[in-house]
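Structural characterization, general
Listed here are the chains, written in short residue letters.
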Amino acid sequence: LIADKGKIKYRIINNPISKHPIFEEWDHKKNQHLNPDALEQYSHKEAYWICKFNKNHRWISPIKRRTLGGSGCISCNNLSHSSNKTYPTFKSLVF
């Protein structure tokens with residue numbers, strides 16, 4: 001949505017990341033360059049996060065991965081961005 005206020009157009013954000021429960025893990029210090037009220041919850045932009053269980057766990061992840069996928073701390077989940085998850089193939093499934 002675009003609201004026209006005189007000659008300046010403003011984008012109205014219906015679902016800002018600042019209103020999502022995951023915002024409690026937002027790294028305010030490292031995300032100073034981002035305005036959480038101006039970013040949709042499904043944004044592709046990457047942001048820094050702090051684990052709610054261990055404040056020493058910090059990582060960067062796209063906002064939509066946190067809000068849509070529900071991904072959490074990569075240290076607590078023993079994951080990394082380059083991890084290769086294996087999924088069952090049709091050959092390995094038994095019917």
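Keep in mind it's a predicted model, so treat the numbers as computed, not measured. Within each chain, residue numbers correspond to sequence positions counted from 1 in written order. Local features are withheld for residues below a pLDDT of 70 in this predicted model, meaning they are given only at 70 or higher, and side-chain atom pairs are given and counted only at 80 or more; totals for whole chains, interfaces and linings count all residues. Each side-chain value is derived from all of the structure's non-hydrogen atoms; neither hydrogens nor water enter the calculation.

What about the pattern of salt bridges?
Selection rule: By definition, a salt bridge exists where a carboxyl oxygen of Asp or Glu is found within 4 Å of a side-chain nitrogen of Lys or Arg. A run of H or I in DSSP becomes a helix once it reaches four residues, and a run of E becomes a strand once it reaches two; helices and strands are each numbered from the N terminus. The cut-offs for exposure are 20% and 50% of the maximum accessible area for each residue type, with area from a 1.4 Å probe on protein chains only; residues under the lower value are buried, those over the upper are exposed, and the others partly exposed.
Scanning the model with the defined rule gives two salt bridges in all. With its nearest N and O atoms 3.0 Å apart, the salt bridge here joins glutamate 25 to arginine 66. In this pair, glutamate 25 is assigned in the loop between β2 (8-11) and β3 (46-50) and arginine 66 in helix α1 (residues 63-67), connecting sequence segments 41 residues apart. Of the two residues examined, glutamate 25 and arginine 66, each falls in the buried class. A salt bridge links aspartate 27 to arginine 58; the shortest N-O distance between them is 3.0 Å. Pair noted here: aspartate 27 is in the loop between β2 and β3 and arginine 58 is in strand β4 (residues 58-62), with a separation of 31 residues, a long-range link. For aspartate 27, a relative accessible area of 2% translates into the label buried.

Topic: the nonpolar core
Note the threshold: Grouping buried Ala, Val, Leu, Ile, Met, Phe, Trp, Tyr and Cys residues that are joined through side-chain atoms within 4.5 Å yields what is termed a nonpolar core. The contact rule is simple, with two residues in contact once any of their heavy atoms fall within 4.5 Å.
In terms of nonpolar packing, the biggest core is built from twelve residues, these being Ile17, Ile22, Phe23, Trp26, Leu34, Leu39, Ala47, Trp49, Cys51, Trp59, Ile63 and Cys73. When neighbours within four sequence positions are excluded, cysteine 51 is seen to be in contact with Glu25, His57, Trp59, Cys73 and Cys76.

A short note on the environment of proline 21
Among the secondary structure elements, proline 21 is positioned in the loop between β2 and β3. Along the chain, proline 21 and threonine 67 lie 46 residues apart, while their C-alpha atoms are 8.8 Å from each other.

Re the state of the cysteines
To keep things clear, this is the line we draw: By disulfide we mean two sulfur atoms from cysteines, separated by a distance within 2.5 Å.
With the rule as written, the count across this model stands at zero disulfides. Of all cysteine sulfurs in the structure, the one in cysteine 76 sits closest to cysteine 51, which takes part in no disulfide; the separation is 3.6 Å. Cysteine 76 supplies the cysteine sulfur nearest to cysteine 73, a cysteine that is in no disulfide, at a spacing of 3.8 Å.

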